[in-house]
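Chain and residue survey
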Amino acid sequence: MPLPALFAILVAALVGAAVVARSGTRSLPLRALAGALGGGLGALAVSAPIDFCTFSDEYETKDYVFGLVLMAAGAAAGIAAARAAMAPERKPDTNATSHSVWRNWWMPWLLLSPTLAVLVVFLYWPAIETIRYSTKLARLSNPKQVDRCVYNFTELIGPSRPWLALVLAGLGMVGIAAGVLLDRQGRRVARSARTIVSAVSAISLFAALAFIFTDDYRQVYVVTMIISVGTVVGGLVISLGIAFIAYQPIRGASVYRTLLIWPYAISPPIAGLLFFVIFDANTGIIDHWTTTLLDTGLADYRTTPVLAQLVVIIASIWKTLGYNLLFYVAGLQTIPPDQVEAAMIDGASAWQRFRYVVIPALSPITFFLIVTNLTYAFFETYGTIDYLTKGGPAGATNVAMYEIIQVFNTGGDLGRGSAQSMILFAGVVGLTMWQFRSTGRRVTYG
Amino acid sequence: MREQRRTRRFAALALAATVVLAACGDDDDSDADDEPATEESTDEPATDDEPADEPAADDEPAAEPAGDDEEASGDDAVIPVWIAFEDYRLDWTNEVAAAFNEQVDGYSVEITGFASYNDAFDAAIQAINSGEPPAVVHFFEAATQEARDALAGNGEPVFADLEAIIDGRTEVAGVPVVLDDVVASAATYYQLDGSYTSMPWNTSSAIMFLNRTLLDAAGVEGTPATWQELEAACEAFMASDAATDSCVTWPNHSWFVEQDIALQGELLANNDNGRSGRADEVFIDSDAMVDYVTWWKGMADQGYYTYTGTQRDWGGTYDLFAAQNVPFLLYSSSDTTALTDEGANGGFEVEAAFLPRNGEATGGGALIGGATNWVINGLDETTQDGAIAWVNFLSNPENAASWHQTTGYIPITETAVSNLEAEGYFDENPNQRIASEQLAASPDTPATTGALVGNFVAIRDVITESIESVLVNGDDPAEAMAAAQEDAQALLDEYNLLFADG
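These numbers come from a predicted model, not from an experiment.

Rules behind the numbers
Along every chain, residues carry numbers that run from 1 in the direction the sequence is written. Chain letters start at A and ligand numbers start at 1, both assigned in the order the entries are written. The model is predicted, so local features are restricted to residues of pLDDT at least 70 and side-chain atom pairs to those at 80 or more, both for listing and for counting; the totals for chains, interfaces and linings are taken over all residues. Side-chain measures were taken over the full set of non-hydrogen atoms in the model, leaving aside hydrogen atoms and water. For the purposes of this entry, the term helix denotes a DSSP run of H or I that reaches at least four residues, the term strand denotes a run of E that reaches at least two, and both are numbered from the N terminus. Here's how the labels work: a residue is buried when its accessible area is under 20% of the maximum for its type, exposed when over 50%, partly exposed in between, all with a 1.4 Å probe on protein chains only. Whether two residues are in contact is decided by their heavy atoms, any of which lying within 4.5 Å being enough. Only the protein chains shown count as cover for residues, and all accessible areas are computed by the Shrake-Rupley method using a 1.4 Å probe. The patch calculation keeps residues exceeding 30% relative accessible area without a salt bridge and links them within 9 Å when they carry like charges or within 5 Å when they are nonpolar (Val, Leu, Ile, Met, Phe, Trp, Tyr). Take a side-chain nitrogen of Lys or Arg and a carboxyl oxygen of Asp or Glu: if they are within 4 Å of each other, that pair is a salt bridge. Counted as positive: Lys and Arg. Counted as negative: Asp and Glu. His and the chain ends are not counted at all. For this purpose, a charge sits on NZ of Lys, CZ of Arg, CG of Asp or CD of Glu. In short, DSSP must find at least two bridges between two strands for them to pair. Predictor confidence is given residue by residue as pLDDT, running from a minimum of 0 to a maximum of 100. Marked domain ranges trace back to an automatic or database domain assignment. For any pair of parts, buried area is found by adding up, for both, the accessible area (1.4 Å probe) each one loses once the two are put together. Given a helix with a known number of residues, its expected span is that number minus one, times 1.5 Å. Cysteine sulfurs are considered disulfide-paired once they come within 2.5 Å of each other. What we call a nonpolar core is a set of buried Ala, Val, Leu, Ile, Met, Phe, Trp, Tyr and Cys residues that are connected through their side-chain atoms within 4.5 Å.

1. Considering the overall build of chain B
Looking only at helices and strands, chain B features 21 helices and 14 strands. In chain B, which comprises 502 residues, the share counted as buried stands at 59%. Restricting to contacts in chain B with at least 6 residues of sequence separation, those with at least 24 account for 79%. Total accessible area computed for chain B in this model is approximately 18,800 Å², and 46% of it derives from carbon and sulfur atoms.

2. Quick notes on a negative patch on the surface
All names here are of chain B. A contiguous patch of negative charge on the surface is contributed by Glu266, Asp285, Asp287, Asp291 and Glu360. Tracing the backbone shows Glu360 in the loop between strand S13 (350-353) and strand S14 (369-375). Looking at Glu360, the relative accessible area reads 70%, which means it is exposed.

3. Topic: unusual backbone geometry
Residues and elements named next belong to chain B. Although it is not a glycine, Asp193 adopts a positive phi angle of roughly 50°. Among the structural elements, Asp193 can be located in the loop between strand S7 (191-192) and strand S8 (195-196). Overall, Asp193 belongs to the exposed group, its relative accessible area being 77%.

4. Here we look at the side chain of B:Asn270
Residues and elements named next belong to chain B. Position of Asn270 among the secondary structure elements: in helix H10 (residues 270-274). Overall, the relative accessible area of 13% leaves Asn270 in the buried class. Ignoring sequence-local partners within four residues, the contact set of Asn270 consists of Ala279, Asp280, Glu281 and Phe283.

5. Let's talk about the pairing of strand S2 (residues 142-147) of chain A
Residue and element names in this part refer to chain A. Here strand S1 (residues 136-139) pairs with S2 via three bridges, running antiparallel. Within the sheet, the bridge partner assigned to Arg139 lies in S2 and is Asn142. Adjacent in sequence and paired antiparallel, S1 and S2 are bridged by two residues.

6. Focus on the confidence of the model for chain A
Taken residue by residue, chain A gives an average pLDDT of 85. The fraction at 70 or more is 94%. Per-element mean pLDDT across chain A ranges from 79 in helix H9 (residues 253-260) of chain A up to 92 in helix H4 (residues 106-133) of chain A.

7. Some details on the domain arrangement of chain B
Residue and element names in this part refer to chain B. What the domain assignment lists for chain B is domain 1 (77-203 + 369-441) and domain 2 (206-365 + 454-499). Taking only C-alpha atoms, the centre of domain 1 and the centre of domain 2 are 28 Å apart. On the domain 2 side, the residues contacting the 26 residues of domain 1 number 23 residues. Where domain 1 abuts domain 2, roughly 2,000 Å² becomes buried across the two surfaces, and 49% of that area is made up of carbon and sulfur atoms.

8. Some thoughts on the domain arrangement of chain A
Parsing chain A into structural domains produces domain 1 (1-51), domain 2 (159-212) and domain 3 (215-440). On a C-alpha basis, the centres of domain 1 of chain A and domain 3 of chain A stand 43 Å from each other.

9. Focus: helix H10 (residues 268-279) of chain A
Residue and element names in this part refer to chain A. With twelve residues, H10 ought to run about 16 Å at 1.5 Å a step, and its terminal C-alpha atoms sit 16 Å apart, in line with that. Burial analysis of H10 places ten of its twelve residues in the buried class, the great majority of the element. Within H10, burial applies to Pro268, Pro269, Ile270, Ala271, Gly272, Leu273, Leu274, Phe275, Phe276 and Phe279.

10. Remarks on the state of the cysteines
Residue and element names in this part refer to chain A. Per the counting criterion, the structure on display carries two disulfides over all chains. With its sulfur 1.9 Å from that of its partner, Cys53 forms a disulfide with Cys149. Looking along the S-S bond of the Cys53-Cys149 disulfide, the torsion reads about 85°, which is the right-handed sense. One end of the pair, Cys53, is in the loop between helix H2 (28-47) and helix H3 (61-86); the other, Cys149, is in the loop between S2 and helix H5 (151-154), with 96 residues separating them in the sequence. Its relative accessible area of 14% is what places Cys53 among the buried residues.

11. Here's the deal with the nonpolar core
Counting 148 residues, the largest nonpolar core has B:Phe328, B:Trp390 and B:Ile459 as its most contacted members. Counting residues per element, this core draws most heavily on helix H20 (residues 456-473) of chain B, at nine residues. Each of domain 1 (77-203 + 369-441) and domain 2 (206-365 + 454-499) of chain B contributes no fewer than three residues to this core. Apart from the residues lying within four places of it in its own chain, the contact partners of B:Phe328 are B:Met208, B:Phe209, B:Leu210, B:Leu215, B:Pro224, B:Leu230, B:Ala233, B:Cys234, B:Cys247, B:Val248, B:Thr249 and B:Phe321. A:Ile266, A:Val311, A:Tyr382 and A:Ala400 belong to the second-largest nonpolar core, a separate cluster that totals 53 residues.

12. Notes on the pattern of salt bridges
Residue and element names in this part refer to chain B. Overall, the coordinates contain 21 salt bridges over all chains when judged by the stated rule. For Arg460, the salt bridge identified is with Glu141, shortest N-O distance 3.3 Å. You can see Arg460 sitting in helix H20 and its partner Glu141 sitting in the loop between strand S4 (136-140) and helix H4 (144-149), a full 319 residues away along the chain. Taking the relative accessible area as the measure of exposure, Glu141 reaches 2% and is therefore buried. The residue Arg433 makes a salt bridge to Asp427 at a minimum N-O spacing of 3.0 Å. A relative accessible area of 56% means that Asp427 is categorised as exposed.

Take a look at the structure:
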C-alpha cells in the first residue's frame, strides 16, 4: 500500500472515531472503535479493489484527487453505518398489532430466498460487474481487458474555469452551513428564508458540478438537467392543473378521466414518433397550422437546439401525463371536503383554497411523483429522443442516458459505458437524497 | 381535394392503429434495439418514406423460419443465418432461402432479421459465448477490421477465414463457389493478401440522383460532375423561377465523407489505408477533409444544402427528394430502384449520375459500401459446408441479378453483370448501371480501396458529430476536424491496445 493511501485511511479512521464518539448510548471506547473501523474500512473498500492505483505516478493529479474523493465518500458511508449501529436501539412498539415470530431462524430466509436470488442475479451481480467494467478498457469482441484505474471517470473531468467551480462550490457550502444554522434557530426564522437558502445552495452546487466537467461532458450534464427539470416541473404543474379540472364532478367524468390516462400506456419511442409527426417542419400538422394562420412556417426543431429541447420536454410530459393524472385525481378525491368548505367559509378565494388547502394536502403525492418523474426523465427518455432528434442538433438533446447507449452501441465500449452509467446513478442517488432532505421534510401525511 | 382528405384520414387511422398495436406489442423497451435498420449501416437507407411504418416491428428481430418447414425432412442440418435487414430485403432473402432448401439436399437455412449490423454482431458474440452460435452473420464493410479481429469469450476468433474453410473446393454441397467471379471493386475491398475472409453480398456506391423535370423547369442544363459545377447549378437553380426551398441534400453520414476523400485520391489512415499493415494513425484533419467540409459548409451557408438535423438521416433526405423539395440528392445506389420508382409514380424524371468530386483534385475514385456474410468459426463440418454453400448460393448469377433489380445494390458477380447486359436490362434501366460504372472507373489505389481501421464505427460517429457542429453551430471546419482527429486517434489507439499483437 502506498504511503499516502495509508495516511488517508488513517485520517478517515480518526475522523470516524471522533464523529461516532460524539453521540450514542454505548461506551465511549466502543463508539470510537466502531467509528474508526467504519471510516477506515469504508475508505479501504473503495481503494483496495483498484489496487490504490490513483496514487501511482503514472496517473495525473486529477486522478489522485478523484481517488481521495472516492475514499472520502467510502469513509462517509462507513461512518454513517457505524453511527447507525451505535445509535440507541428503538424500543419495540408495544402498541403495534401483534405479530408472530418465526420459530426457526432459517424459515424467513427460506421464504425470502426466491426474491433474494432474483435480486442477486439481476441486480447485485450486474451492478458489481458494472463497477468492475468501469475501471477497464474493454469491448464485447475481445475477452482481453486492460486496467484503466479511474481514467474512464477522470477523462470527463477537466475544469476549463476552475475558479468558477470553486466559487460556486464555496457558495453552496456557505448555503448549507447557513441552512444548518437556520435549522438550529428553529421557528424564529421565517420559512421563506430557509427556502431561499436551500435553493441557493442547491443551485450553486449543481452549477459548480457543471464546471468540473470537460466541455463535451458539461453539455451532456447541462442538457440532462434542462430536459429532466423541464419534464418534471412542467409535467407536475400541467398534470395538477388538468387533474383539478378533471376532478370536478361533471357528467361523464369517469369516461374522460379514463381516457386521460391513455398516454401512459404508450411506449416512449411511440411518443417520439407521434411528436415527430406533429412537429415535423415540412409535413407536420403544427407547421400546417402556422403556415395557414400566421403565414409563416414552423422553424425546424431538428436544427434549432432550443426548440429541439422543448419538443423533447413536451413529448416526455405528454408521455408521463396519464401517470401523474392518475395519482393526482386519486389524491384530490381523498381531500376531505369539509376542509375546503371551512376555507370557503373563512372567505378564501378559489386560488387561496387551491394554494393553501389543496396543494399541501397533495404534498405526499407530489413528493412521490417528483421521485418517479425524475427517474423517468433520467432513464427512460431514450426512445423518445431517438425518434425525435437522435440527440441532436449538435448534442442539444443528448442526455446522459442517450450518451451512455451511444457509447456502448456504436463504440462497443464497455468501460466508458459502465463509468458513465455509474455517474448517472450517482447523480440520481444524490438528487433523490437532496429531495428527501429538503422537500421530503415538508411533506405532511395528514 | 376530397381525395386528399380521404388519404389523410386513412393515414390518421393507420397511425392510430399502429399506436395501439405498438402499445400492446412492445412494452417500455426503450433500448438500443429501437434503432431503425438504417442506423449503423452504411448503405441501407429506409425505402419506406413514412417513419411511421411498423414501429413495432423495429423492436425485435423477426424470426421467420425460411421455406416450408413441412417440406424439410427432420434430418436436415439447420443453418441459422442472421442478417441485418428487417424490411423487403428480409422478405427477398427468405424467398431465396426457400429456393435453397428446395434445391440443396440435407440443409435447411433459417433466416433471422436484426435491426442493425451491430445488433446482429453483438447477438452473435453472445450466442457463441452461450454455446448456440448462428452459422452465418451479415456484417458491414466499416467493421471489416473488427470482424477479422473479433474474439469470442474463449479467446477463439469469432469468424472463420472463408477461403481457408473452402480449402480450394470449387463446389460445396453441390453449390458452385462464385468467389472468383466477384467484381473487382468488392474483391479489392474484402480481400486480405489476395484471399477473401468473408463473402461479399450487398454492395453499393454513393451516387447522385437528379430530378431532371425540376431542373428543366428551372432551365438548368447538364449534369454536374464536380463540387464546383454542382454549386454553379444550384446557384442557377435557386435564382430561377422554379426554385424550391433548397437545392441539394445528403445524409450526414461518414460514408459520404470517405467517398469524397477517396475521390480526391487521399488516404484516411496510414499504412496504405490499413491495407499494407495495421493502421495506427488516422488522418481526419487532412487538407482534403478540411476542403470538403469547408465546401459543404459553404453550400449550407448559401442555402443550397439542407441539413435535416440528424446524423445518418437516410429517411429525411430521401423524403426531401421524393417530395421534389430538392432537385439533387446524393445517396446510396442501394435505393436506385426505389428512387427511380418515386419519379415514375410522382410524375418526374429521376436520373442517376456519378458522385460529384473536387474539380481541383485528380487521381481518386469512388468506394464501395455494404456488407458481407461471415461464417462463424468452429462449426462442425456439415454445418460449415452448409454455410459456405448458402453464402455462395445467395450470390450466384441468378440471385445476384435479382438482388440488383430488387434494390439497386450492384450485381456482385461479373456473370450477373453480363447476363443483365445481354438481357438489355441496363439499356431499359440506365440508372441501374451508374454505380457499377462509377466503381469500375475508380483506379486501383490504396485511397480508393477504402480504409481498414479498427474501431471505425465509433470513429465514423466522431466525424459526423464534428460535421454537425460545423453545420448547426457554425464551428470552423479546420478546428472541428482537428478536434475530431484527436478523438478518433484516441479511439484507434485504444482499439489497437486491445487487438494489436503484443
